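Reading the structure
Residues per chain, in single letters:
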Amino acid sequence: SPDPPYPPLPDNALDVAKRNLEQDFVAAASVKQFNEFVVYAGAQLGWTRLNYARSNVDHTGQARAAIDKETRRRILDLNAIDAELVDYVTRRFAELIAQQDTAFTARVNRIRQRAESLGRLQSIYNRPAIRALRKTARRLIRHATGLRKA
């Protein structure tokens, strides 16, 4: 098997990464903790709008299944330090979340529900038939108002 396309990390790379996270970041979380992170960061940084729409989400698991076991093993071997850092970040953020009150959990649930709803609306909005309808509507409006495409 080929060598990775980058030089090996120094022996203390993981410790340096952990120290940088502790010193330089308000918080860090894994992708699986995204909703909790948005609510936590929002509270820490004074964000008032915490809505987002989910996109490019593989609900079927087909993308993961498309990678054969040998390739997956090789990827994990080449990224062992990264995986260890993700585990550290996940545990550290879970400890932080465990200290939050029930209002925090309610905010996380609300943002999760809103994100799913916005994602469904976005997927409808981006369907080919709806896109074609929007394009036709824009043409009709330009024609009716005498405006031309810039």
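Residues numbered from 1 in each chain as written. Predicted model: local features only at pLDDT ≥ 70, side-chain atom pairs only at ≥ 80, totals over all residues. Heavy atoms only, no water.

All right, on to the overall build of the protein chain then. Across its full length, the protein chain carries seven helices and zero strands. Going residue by residue from the N terminus, the α and β elements of the protein chain occur as α-α-α-α-α-α-α. Across the 150 residues of the protein chain, 17% fall into the buried class. In the protein chain, the share of contacts with a sequence separation of at least 24, taken over all contacts with a separation of at least 6, comes to 73%. Of the roughly 11,900 Å² of accessible surface on the protein chain, 56% is carried by carbon and sulfur atoms. (Helix = DSSP H or I, 4+ residues; strand = E, 2+ residues; numbered from the N terminus. Buried < 20%, exposed > 50% of the residue type's maximum accessible area, 1.4 Å probe, protein only. Contact = heavy atoms within 4.5 Å. Areas by Shrake-Rupley, 256 points an atom, 1.4 Å probe, with all protein chains shown as cover.)

The subject of this paragraph is a nonpolar patch on the surface. Residues L118, L121, I124, Y125, I130 and L133 make up a contiguous nonpolar surface patch of roughly 550 Å² in combined accessible area. Those elements that provide at least two residues to the nonpolar patch are α6 (102-125) and α7 (128-145). (Patch = residues over 30% accessible without salt bridge, like charges linked within 9 Å, V, L, I, M, F, W, Y side chains within 5 Å. Salt bridge = Lys/Arg side-chain N within 4 Å of Asp/Glu carboxyl O.)

Turning next to the pattern of salt bridges. Any two side chains of opposite charge can pair, on the condition that their charged atoms come close. All chains considered together, the criterion is met by three salt bridges. Overlapping salt bridges bring together E70, R73 and D77 as one network.

As a further point, take the nonpolar core. By size, the foremost hydrophobic cluster in this structure holds twelve residues: A27, V38, V39, Y40, L50, Y52, F93, I97, F104, V108, I111 and A115. Those elements that place two or more of their residues in this core are α2 (34-45), α5 (80-98) and α6. Top element by residues in this core is α6. It accounts for four residues. The residues contacting Y40, other than those within four sequence positions of it, are V26, A27, F93, L96, Q100 and F104. (Core = buried A, V, L, I, M, F, W, Y, C linked by side-chain atoms within 4.5 Å.)

Right, let's get into the packing of aromatic side chains. Geometry of an aromatic ring pair is reported as the spacing of the ring centres plus the angle between the planes. Counted under the stated rule, the structure contains two aromatic pairs. Here F37 and F93 contribute two aromatic rings whose centre-to-centre distance is 6.1 Å and whose plane-to-plane angle is 55 degrees, an arrangement assigned as tilted. Placement of the pair is F37 in helix α2 and F93 in helix α5, with a sequence separation of 56 residues. Since its relative accessible area comes to 24%, F37 is described here as partly exposed. Using a relative accessible area of 2% as the deciding quantity, one classes F93 as buried. Between Y40 and F93 the ring centres are 6.0 Å apart and the planes differ by 90 degrees, which places this aromatic pair in the edge-to-face class. With Y40 in helix α2 and F93 in helix α5, this residue pair connects regions lying 53 residues apart in the sequence. Ring-pair connections join several aromatic residues into one group, and the members of that group are F37, Y40 and F93. (Phe/Tyr/Trp six-rings, centres within 6.5 Å; stacked < 30°, edge-to-face > 60°.)

Looking now at the packing of helix α1 (residues 13-24) against α5. At a minimum axis separation of 10 Å, α1 and α5 run at an interaxial angle of 30 degrees. Relative to α5, the element α1 lies roughly parallel. The interaxial crossing formed by α1 with α5 has right-handed handedness. Counting all contacts with α1, which are made through L14, A17, K18, L21 and E22, the residues of α5 involved are I81, E84, L85, Y88, V89 and R92. (Axes fitted to C-alpha atoms, helices over the stretch in contact; angles between N-to-C directions. Parallel < 35°, antiparallel > 145°, perpendicular 65-115°, else oblique. Left-handed = near helix turned anticlockwise from the far one by under 90°.)

What follows deals with the environment of N51. By the element assignment, N51 lies in the loop between α2 and α3 (62-65). Residues contacting N51, with those up to four places away along its chain left out, are R114 and L118.

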